Amino acid sequence: MKAETKNQFKGTLCLLTGTTIWGFAFIAQSVGMEKLGPFTFQAVRCGLAVVFLVLAAFVLDKCSLRESCRRWASKKLWTSGIVCGGALFVAASLQQIGLVYTDAGKAGFITAMYIVLVPVLGLFLGKRPGANVLASVALAVVGLYLLSCMGASGVNRGDVCLMGCALAFAVQINCIDRYAASLDGLRLNCIQSLVVTVLSLPFMALTETVVLSDILGCWQALCFAGVLSMGVAYTLQIAGQKHLEPTAASLLMSLESVFAALGGWWLLHERMTAWELTGCGLVFAAVVISQLPSKKKQ
């Protein structure tokens, strides 16, 4: 029992660390895009993650270089990585664009909607959601309205992008759940990052002006969002979920939105209205309710 408790503690610590990094990554993304366009930031960020993850894979393999290289030669790994990477590209792109028009704390809460949408999309995979999921969707819709629409003449374009981002993240999570359960998580994440980098390059070249001095000027934000958020945090998620039940893990990961709001308040001095704070509370409550186990008929 002591060993089990120790493993649960390790898993909890890993996920808490990972979600803290993800929450503060919203700050890094907002700061970085003061100088860089969304696709430039995304391409460089994910490129840094690819380099970091390739090096990490070779170090962690603890085997010969030939054997380490052989582990990359899996058709299923690359097929799953390309599919998941495509969904991740859509999600990350919409998130980057949304952050141009929406502050970091608000973006964190809207993005957290993916945890509500994951079980809803599971319907298409034959997974019927419980009553708590249906209740959480209704609660999230009300919260999202208060967060995004109260006191505004219309929905902010950044809010719309972030809603699409949450949906794309839900698709990407369901893809991983269905196709990648038996794959090397670190290598899968590396291929995902590579796909996002490659898909970002043409958009960067066609829609943005790339200035090397601007990239070097926000290297700290890029390194945080690339190495720590894309690289370390996803690795911690994989390690943490080995020791925790899915419901407990999801509840911990939902705290990403709380850390994003705290980071925006602490580092960027952002302020939220009473309606927005109420909306944040309702969205977060919906995220938590959606992950509670529903009662099954005996």
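Figured I'd write up the structure that's included with this text.

Cut-offs used in this document
Residues numbered from 1 in each chain as written. Predicted model: local features only at pLDDT ≥ 70, side-chain atom pairs only at ≥ 80, totals over all residues. Heavy atoms only, no water. Helix = DSSP H or I, 4+ residues; strand = E, 2+ residues; numbered from the N terminus. Contact = heavy atoms within 4.5 Å. Areas by Shrake-Rupley, 256 points an atom, 1.4 Å probe, with all protein chains shown as cover. Buried < 20%, exposed > 50% of the residue type's maximum accessible area, 1.4 Å probe, protein only.

### Things to note about the overall build of the protein
So, step 1. Each helix and strand in the protein was counted, giving 14 helices and zero strands.
So, step 2. Secondary structure elements in the protein, listed N-terminal to C-terminal, are α-α-α-α-α-α-α-α-α-α-α-α-α-α.
So, step 3. Taking the intrachain contacts of the protein between residues at least 6 apart in sequence as the baseline, contacts between residues at least 24 apart amount to 88%.
So, step 4. Summing over all exposed atoms, the protein offers an accessible surface of approximately 15100 Å²; the carbon and sulfur share of this is 68%.

### Looking at the environment of Val287
So, step 1. Positionally, Val287 belongs in helix H14 (residues 274-290).
So, step 2. For Val287, a relative accessible area of 1% corresponds to the buried category.
So, step 3. C-alpha of Val287 to C-alpha of Leu255: the two residues are 32 residues apart in sequence and 9.4 Å apart in space.
So, step 4. The contacts of Val287, once residues within four sequence positions are left out, are Ala112, Ile115, Val116 and Ser254.

### Focus on the environment of Ala205
So, step 1. Looking at the element boundaries, Ala205 is found in helix H9 (residues 185-207).
So, step 2. Residue Ala205 is classed as exposed on the basis of its relative accessible area, which comes to 57%.
So, step 3. A sequence separation of 165 residues divides Ala205 from Thr40, and the C-alpha atoms of the two residues are 8.5 Å apart.

Nothing here speaks to function; it is all geometry.
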